[in-house]
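Chain by chain, the residues run as shown.
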Amino acid sequence: MSTALLRGVADAAAILLAGGLVAFPTETVYGLGACAGDAAAVGRLFNAKGRPRDNPLIVHVAQPDGAEALGLLAGTAADLAARFWPGPLTLILPARDGVPAVVRAGLPTVAVRCPDHALAQALLTAAGPLAAPSANRSGRPSPTTAQAVLDDLEGRIEAVLDGGPCRLGLESTVVDCSGGAPSILRLGALPAEALGLPLPGPATGGSRRSPGTRHRHYAPAIPVRLVADLGSALGRQPDAAVLCRAEDADRLGLSPGPAVHVWAADDRGRAAELYAALRRLERTGRPAILVPPLPESGLDAATMDRLRRAAAADRPAAAAGDPRR
Ligand code: TXA
Ligand code: MG
């Protein structure tokens with residue numbers, strides 16, 4: 001199969017309605033779409049990504065009220081939807097009958113999101129609700145450009161709708177509203193502070209209840225290492241690539257270049273460039289990417305979550321706390 005690069009929504013919608021797979025831009029990252037009601041297409045989507053079938057998908061809707069046909073949108077969930085949709089927030093809701101089990105990975109709940117992106121909304125209006133995970137091969141950094149989608153999925157999907165680089169660059173924040181008090185299952189582009197919810201941790205059971213967090217994630221082809229002391233880490237591994245702040249680069253005499261990425265000055269900029277930076281640095285073929293940790297506030301908390309998971313992908317299963325890998 002050859003993968004078409006499309007600019008028009010009508011062509012993309014026709015492919016989806018015929019059971020095909022089309023990657024499309026959102027304000028967070030590119031998603032890989034299949035019609036949510038088409039169980040066969042959704043099955044092909046899992047295969048194209050190499051995604052484990054026990055990891056459920058987010059269903060995207062054109063308008064906030066479209067969520068009501070998929071899940072029970074009431075109480076706090078309805079308040080959150082009213083405040084933050086369209087936007088980078090995914091709500092886990094009790095599923096209505098009719099959402100195919102393959103989308104939900106057999107769970108009684110469904111993840112729903114209304115993206116804040118004109119092209120995505122036009123596509124959803126034309127093709128209906130789309131089940132769409134991030135459009136990367138399973139385990140890899142998410143794609144924030146059409147080219148990054150092609151780098152992972154060329155020949156495995158029918159088309160990519162090119163909408164240029166994604167504005168936010170980091171996935172949506174996932175909030176469980178399926179029962180009890182709402183809790184964050186995955187940090188993302190909507191900061192926990194804006195939601196007024198605590199950061200996920202062992203106390204909220206985030207990793208237990210969000211199936212996807214068990215799997216290998218966000219990892220480029222070369223190891224990511226979080227290092228407290230960049231100077232000594234570089235002393236041990238002088239040919240490693242580096243992802244650091246300007247003050248670290250200045251202190252160590254590093255200048256930006258193919259193997260040195262200097263973070264943007266603010267947390268929003270860092271979130272937006274994270275995946276592109278990881279994908280660029282992996283192409284150097286250096287033995288590792290060394291990353292000093294960022295302070296865990298605002299969007300940096302989500303950026304650090306992704307970096308920790310990328311780094312954990314290269315450690316033995318026991319050290320990463322994942323019994324399944
Ligand atoms: O910004 C985003 O969220 C992007 C764009 C394309 O919308 N999508 C995305 O999808 O990041 P994906 O599949 O890469 O991540 C979805 C996350 C996974 O961690 C998955 O386990 C979780 O949402 N999830 C989906 N359905 C769930 C459910 N019913 N219960 C708990 N977690 C769920
Ligand atoms: Mg993903």
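What counts, and at which threshold
- Residues numbered from 1 in each chain as written.
- Chains lettered and ligands numbered in written order.
- Predicted model: local features only at pLDDT ≥ 70, side-chain atom pairs only at ≥ 80, totals over all residues.
- Heavy atoms only, no water.
- Helix = DSSP H or I, 4+ residues; strand = E, 2+ residues; numbered from the N terminus.
- Rg over C-alpha atoms; globule rule 2.2 N^0.38 Å.
- Buried < 20%, exposed > 50% of the residue type's maximum accessible area, 1.4 Å probe, protein only.
- Areas by Shrake-Rupley, 256 points an atom, 1.4 Å probe, with all protein chains shown as cover.
- Lys, Arg positive; Asp, Glu negative; His and termini not counted.
- Charge placed at Lys NZ, Arg CZ, Asp CG, Glu CD.
- Axes fitted to C-alpha atoms, helices over the stretch in contact; angles between N-to-C directions.
- Parallel < 35°, antiparallel > 145°, perpendicular 65-115°, else oblique.
- Left-handed = near helix turned anticlockwise from the far one by under 90°.
- Contact = heavy atoms within 4.5 Å.
- Pairing = 2+ DSSP bridges.
- Phe/Tyr/Trp six-rings, centres within 6.5 Å; stacked < 30°, edge-to-face > 60°.

S.K.: Help me understand the overall build of the protein, please; the structure alone is not making it clear to me.
M.R.: If you tally the helices and strands in the protein, you get 13 helices and 14 strands. Radius of gyration (C-alpha) of the protein: 19 Å, near the 20 Å computed for a compact globule of 325 residues. For the C-alpha atoms alone, the extent of the protein along its principal axes is close to 60 × 45 × 35 Å. Within the protein, buried positions represent 56% of all 325 residues. Within the structure as shown, the protein displays about 12800 Å² of accessible surface, and the carbon and sulfur contribution to it stands at 54%. Averaging the locations of the 34 positively and 31 negatively charged side chains of the protein gives two centres separated by 5 Å.

S.K.: Quick question: what am I supposed to make of the packing of helix α1 (residues 9-17) against helix α5 (residues 118-127) here?
M.R.: Relative orientation and spacing of two packed helices are given, respectively, by the angle between their axes and the distance between those axes. Across the interface, α1 lies against α5 with an axial gap of 9 Å and an inter-helix angle of 45°. Judged by the inter-axis angle, α1 sits oblique to α5. Between α1 and α5 lies a crossing of right-handed hand. Here α1 contributes Val9, Ala12, Ala13, Leu16 and Leu17 to the contact with α5, which in turn contributes Leu119, Ala122, Leu123, Ala126 and Ala127.

S.K.: Got a minute to help me understand the sheet that holds strand β3 (residues 31-35) in this structure?
M.R.: The strands that make up a sheet are held in pairs by hydrogen bonds between backbone atoms, and each pair lies either parallel or antiparallel. The 10 strands are arranged β1-β8-β2-β3-β7-β4-β6-β5-β9-β10 in an open sheet whose pairing can be described as mixed. Whereas interior strands pair on both sides, the edge strands pair on one side only; in this sheet they are β1 (4-6) and β10 (183-186). Docked against the sheet, helix α6 (residues 146-153) engages β1, β2 (22-24), β3 and β8 (159-161), running at close to 165° with respect to β8.

S.K.: Explanation requested: the environment of leucine 243 in the structure shown.
M.R.: Tracing the sequence through the fold places leucine 243 in strand β12 (residues 241-244). Owing to a relative accessible area of 0%, leucine 243 belongs among the buried residues under this scheme. When the C-alpha positions of leucine 243 and alanine 219 are compared, they lie 14 Å apart, and in sequence the two are 24 residues distant. Filtering out sequence-adjacent residues up to four positions away, leucine 243 remains in contact with His261, Trp263, Ala277, Leu278, Leu281, Ile289, Leu290, Val291, Pro292 and Leu307.

S.K.: Quick question: what am I supposed to make of the sheet that holds strand β11 (residues 224-226) here?
M.R.: The strand order across the open sheet built from 4 strands is β11-β14-β12-β13, with neighbouring strands paired in parallel fashion. On the outer flanks of this sheet lie β11 and β13 (260-262), each paired with one strand and no other. Taken over all neighbouring pairs, the strand axes of this sheet differ in orientation by 20° on average, direction set aside. Bridge count for β12 against β13 is 3 bridges, and the pairing is parallel.

S.K.: Would you mind showing me how to read the packing of aromatic side chains here?
M.R.: Any aromatic ring pair is given by two values, namely how distant the centres are and how the planes are angled relative to each other. This model, assessed by the stated rule, comprises 1 aromatic pair. Geometrically, the ring pair formed by tyrosine 218 and tyrosine 275 is stacked, given 6.0 Å between the ring centres and 25° between the ring planes. Here tyrosine 275 lies in helix α11 (residues 267-282) and tyrosine 218 lies in the loop between α8 (206-209) and β11, a separation of 57 residues in the sequence. According to the relative accessible area criterion, tyrosine 218 is buried, its value standing at 4%.

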